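Below, each chain spelled out in residue letters.
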Amino acid sequence: SGAWAARHFLDMDYEVLGIGRKLNQLDCFLPFKQSKNNKKITLLQADINKDQDLIFSSLEQFQPDFIINFMAQGMVAESWEKPIDWFKTNVMSMVMLLDNLRKLPSLKKYIHFTTPEVYGSTDGWIKETSVFNPSTPYATSRACFDHHLMTYFKAYNFPVIFTRASNVFGPGQQLYRIVPRAIMAAMTGNKFQLHGGGVSVRNFIDIRDVSSGLELLCRSGKLGHTYHISGNKLVSIKSLVEKIASDNGVHFNDICIVGEERLGKDDAYALTSSLIRDSLGWNEVYENNQTLSSTYDWMNDNMNDLKNLALDYEHRS
């Protein structure tokens, strides 16, 4: 997500400072390198859990107008195994970072890229003002810091804007995510495990549409508000995998093995995005079929490199 946001902001002629703990990835995972303005990005390899001084000194030197924070320990199922790692990154290290960020005189807006997981399983389409009901250590850790951010907005007028996007996908996504994982299985014949048979329902949105929404929030979003960036169509994980299989000339049972459902798995995330649409005029550009097609092309073009990569998530504390 951060790599595509960097690409979008570069294409819009912004100067960008990109901070991440893993920048030595293949170029195919770093779309900002294909921007016409790729000379306007500065990269810093740093870990929020270990390199707070380095991160903040770099921000002091760069003096950003906007910060979009994608940093988080992700993954839901794995958060049950070592929850302390999730709370260390998503709460404690974030609290330390926030206390420094509020001292940045240049900062006009801090866009916090958080998650619909904080709502738990949704019952129907929910609004930006819905209450939190997290059901996993990952979701609880994200909800905790979201609450803390709001206290800083109220106490210090810290310029936070919250964003919650539905399931992002598109070219360049890490292979352990459901869409590239299913495509890889369809293209190579190596099956993957589909938890619970894929009955849960999600909304999928192109990361490029999310990136355009984030830039719009930097320009026009209201401080202290939450904006959902989401499409209007729901699809079950199973039907999406079936679509991927069919597009690649194979059958559902050829590419996946149905396994047990994950602990705390939410049945549905259905976010309305009326606020960003009605007040700021945002609309998605890419249909899901278009995004799938461009993802197929990306994987075919880079298969010589991708086929040698691990397909499973590798946890690092």
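Scroll up for the structure.
Residues numbered from 1 in each chain as written. Predicted model: local features only at pLDDT ≥ 70, side-chain atom pairs only at ≥ 80, totals over all residues. Heavy atoms only, no water.

Engineer: Could you give an account of the packing of helix H5 (residues 178-188) against helix H7 (residues 237-247), naming the residues involved and the relevant values?
Structural biologist: Between H5 and H7, the least distance of the axes is 9 Å, while the angle of their chain directions is 40°. In the crossing of H5 with H7, the sense of the turn from one axis to the other is right-handed. The residues of H7 that touch H5, namely those facing Ile178, Val179, Ala182, Ile183 and Ala186, are Ile237, Leu240, Val241 and Ile244. Its residues assigned to classes, the contact of H5 with H7 comprises 9 nonpolar, no polar and no charged. (Axes fitted to C-alpha atoms, helices over the stretch in contact; angles between N-to-C directions. Helix = DSSP H or I, 4+ residues; strand = E, 2+ residues; numbered from the N terminus. Left-handed = near helix turned anticlockwise from the far one by under 90°. Contact = heavy atoms within 4.5 Å. Nonpolar A, V, L, I, M, F, W, Y, C, P; charged D, E, K, R; others polar.)

Engineer: So what's going on with the pairing of strand E10 (residues 226-229)? Residues and values would help.
Structural biologist: Here E10 shows no split at all, with Thr226 and His228 on one side and Tyr227 and Ile229 on the other all buried. Here 4 bridges tie strand E5 (residues 160-165) to E10, and the two strands are oriented parallel to one another. From the neighbouring strand, Arg164 faces E10, where its bridge partner is His228. (Buried < 20%, exposed > 50% of the residue type's maximum accessible area, 1.4 Å probe, protein only. Pairing = 2+ DSSP bridges.)

Engineer: An account of the sheet that holds E10 is requested, with residue identities and associated values reported.
Structural biologist: Strand order across the open sheet formed by 4 strands is E3-E4-E5-E10, with parallel pairing between neighbours. Here the strands that pair on one side only, and so sit at the sheet edges, are strand E3 (66-69) and E10. If you compare each strand with its neighbour and ignore which way they point, the axes differ by 20° on average. Against the sheet, helix H6 (residues 207-220) makes contact with E3, strand E4 (109-114), E5 and E10, and its axis sits at roughly 150° relative to E4, the strand it touches most.

Engineer: Pulling in residues and values, what's your account of the pattern of salt bridges?
Structural biologist: Considering all chains together, one arrives at 14 salt bridges under this definition. The salt bridge partner of Asp65 is Lys108, with a shortest N-O separation of 3.9 Å. With a gap of 43 residues between them, Asp65 in the loop between helix H2 (52-62) and E3 and Lys108 in the loop between helix H3 (83-101) and E4 connect regions that are remote in the sequence. Asp65 gets classed as partly exposed once you look at its relative accessible area, which sits at 36%. The salt bridge involving Arg208 is made with Asp206; its shortest N-O contact spans 2.8 Å. Accessibility expressed as a relative area gives 0% for Asp206, which makes it buried. (Salt bridge = Lys/Arg side-chain N within 4 Å of Asp/Glu carboxyl O.)

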